[in-house]
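# Structural overview for review
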Amino acid sequence: MKYDFDRRIDRRNTRSYKWDQSEKLFGDKDILPLWVADTDFASPPAVREVIEKRAAIGMYGYSIRHDGYLQAIVDWYRRNHGWAVEPEWIIDSPGVVTSLALAVELFSEPGAAVVIQTPVYYPFYDVIRNNGRTVAMNPLLHQGGRFEMDYGQLEKLFQDGAKLMLLCSPHNPGGRVWSEDELRKLGELCRQYGVTIVSDEIHGDLALPGYTHRPLASLSPELAEITISCLAATKTFNMPGLHTSFIIVSDPAKRRKLDQRFKALSLHMAQHFAQDAVEAAFNHGEDWLEQMKEYVAGNVEFAISYLAEHLPEVKPMRPEGTYLLWVDCRALKLDPAGLKDLMFRKAKVAFTEGSVFGTDGEGWLRINLGCPRSIVEEALEAFCRAANDR
């Protein structure tokens, strides 16, 4: 490979959210962290170069958004997703979770039901409850070793009055890349019942080889009209610390409402480094991304094979996208506290314990495979040994 994804970069003592909290969160500074979803891969050279160039200016005053940044986004989605986006549809946001929270605030009423498909990324629950709304759960069906949507139960929630849905596409933690047919079926149900969809597609560029992510809003003008697409380059190119994302909204009324709220909260200013980094990533990071996805796919194969050989009672769900592995550990017969004890105290590794994704995630673990294979091997070896020595 042109890029060295095997290289272990020491991130300790860099104020890393992932590497510098092990003692605080897990009780031991030497725990190996494969939990929060950032990767341990150096960002593409073009991103590092443009940040160094911006840093060299030596003054970090207020910045403006420029046309090259917007064009990079437009070109990326045209090339990689077949989606014709207009520059005026793009609204900047500090992060996808911020976008989700503001969408819940603006497009639902206090006390209203907001639909999520569980188990799901845990901030989905927070942005609903913290806005005084009610979580309406549409549990995913575990069929044939992967998640499927339960359209019948979903329609019942819409019939009961839910008018807003948060979609995770691709799905975190299960790694499903929803097919075009699945998305169209979902979209038609939402159109039938007047439901707005807030689609978190932060992992949309991370469909693994053999799978294709389709942005929901790209499928038709009618679906675009009811969709608020929350997107970012940060997960793709390992730069979440830059705190930048964007929303694509083709419907003028929804876009105007969001834009006014961002300005009211003074969240509309351009950040000194972020937009240049996004532009560089989208314009020059494609080769890096393809190789990174190939490497992650290799990590997936390694992890599934390793678990099958050394701890066959646990059952990984093969991901179609993301760098996350969702592992069914219910055969170990441990409650959430027991799984944490197994990880943190006995194995000295940190995966994400599944109940944080909802009650239907109990007994599961999410493993971040976005790291050098030697780290994956070290973590799995320790976990399997600890599980077998119980």
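The notes below deal with the structure included here.

What counts and how
Residues numbered from 1 in each chain as written. Predicted model: local features only at pLDDT ≥ 70, side-chain atom pairs only at ≥ 80, totals over all residues. Heavy atoms only, no water. Helix = DSSP H or I, 4+ residues; strand = E, 2+ residues; numbered from the N terminus. Rg over C-alpha atoms; globule rule 2.2 N^0.38 Å. Buried < 20%, exposed > 50% of the residue type's maximum accessible area, 1.4 Å probe, protein only. Contact = heavy atoms within 4.5 Å. Areas by Shrake-Rupley, 256 points an atom, 1.4 Å probe, with all protein chains shown as cover. Lys, Arg positive; Asp, Glu negative; His and termini not counted. Charge placed at Lys NZ, Arg CZ, Asp CG, Glu CD. Polar contact = N/O pair within 3.5 Å; in protein donor to acceptor, adjacent residues only side chain to side chain. Phe/Tyr/Trp six-rings, centres within 6.5 Å; stacked < 30°, edge-to-face > 60°. Lys NZ or Arg CZ within 6 Å of the ring centre and 35° of its normal. Expected span 1.5 Å × (residues − 1). Axes fitted to C-alpha atoms, helices over the stretch in contact; angles between N-to-C directions. Parallel < 35°, antiparallel > 145°, perpendicular 65-115°, else oblique. Left-handed = near helix turned anticlockwise from the far one by under 90°. Nonpolar A, V, L, I, M, F, W, Y, C, P; charged D, E, K, R; others polar.

## Comments concerning the overall build of the protein chain
Assigned secondary structure in the protein chain consists of 13 helices and 15 strands. Computed over C-alpha atoms, the radius of gyration of the protein chain comes to 21 Å, within 12% of the 21 Å expected from 2.2 N^0.38 for 390 residues, which places it in the range of a compact globule. Reported as C-alpha extents along the three principal axes, the dimensions of the protein chain are approximately 60 × 55 × 40 Å. Taken across its 390 residues, the protein chain has 58% of its residues classed as buried. Here the contacts in the protein chain between residues at least 6 apart in sequence split such that 73% fall between residues at least 24 apart. Looking at the protein chain as shown, the accessible area adds up to about 16500 Å², and 49% of this sits on carbon and sulfur atoms. For the protein chain, the distance from the average position of its 45 positive side-chain charges to the average position of its 54 negative side-chain charges is 3 Å.

## Quick notes on the side chain of S218
Within the secondary structure, S218 is located in the loop between β8 (196-200) and α8 (221-225). By relative accessible area, S218 is classed as buried at 15%. A polar side-chain atom of S218 sits 2.6 Å from the main-chain carbonyl oxygen of P215.

## Brief notes about the packing of aromatic side chains
Under the criterion given, the structure shown has 25 aromatic pairs. On the basis of an interplanar angle of 35° and a centroid distance of 5.8 Å, the ring pair of F237 and W288 is categorised as tilted. A residue pair is termed long-range when its members are at least 10 positions apart, and F237 in the loop between β9 (227-231) and β10 (245-248) and W288 in helix α11 (residues 286-310) qualify at 51 residues. Following the ring pairs from residue to residue traces out a cluster consisting of Y3, F5, F41, W76, Y77, W83, F237, F246, F282, W288 and Y295. When the ring centre of Y295 is taken as reference, the NZ or CZ atom of R373 above it lies at 4.6 Å.

## Structural notes on helix α13 (residues 373-388)
With 16 residues, α13 should reach 22 Å at 1.5 Å per residue; the first-to-last C-alpha distance of 22 Å fits that figure. Elements in contact with the buried residues of α13: β1 (32-33), α11, α12 (336-347), β13 (349-350) and β15 (364-368).

## Quick notes on the packing of helix α6 (residues 151-159) against helix α7 (residues 180-193)
One way to put it is that α6 packs onto α7 with a least axis distance of 10 Å and a crossing angle of 20°. As the angle between them shows, α6 and α7 are arranged roughly parallel. Two packed elements cross with a definite hand, and for α6 against α7 that hand is right-handed. Between α6 and α7, the contacting residues are Y151, L154, E155, F158 and Q159 on the first element and E182, K185, L186, L189, C190, Q192 and Y193 on the second. Across the contact of α6 with α7, the residue classes tally to seven nonpolar, two polar and three charged.

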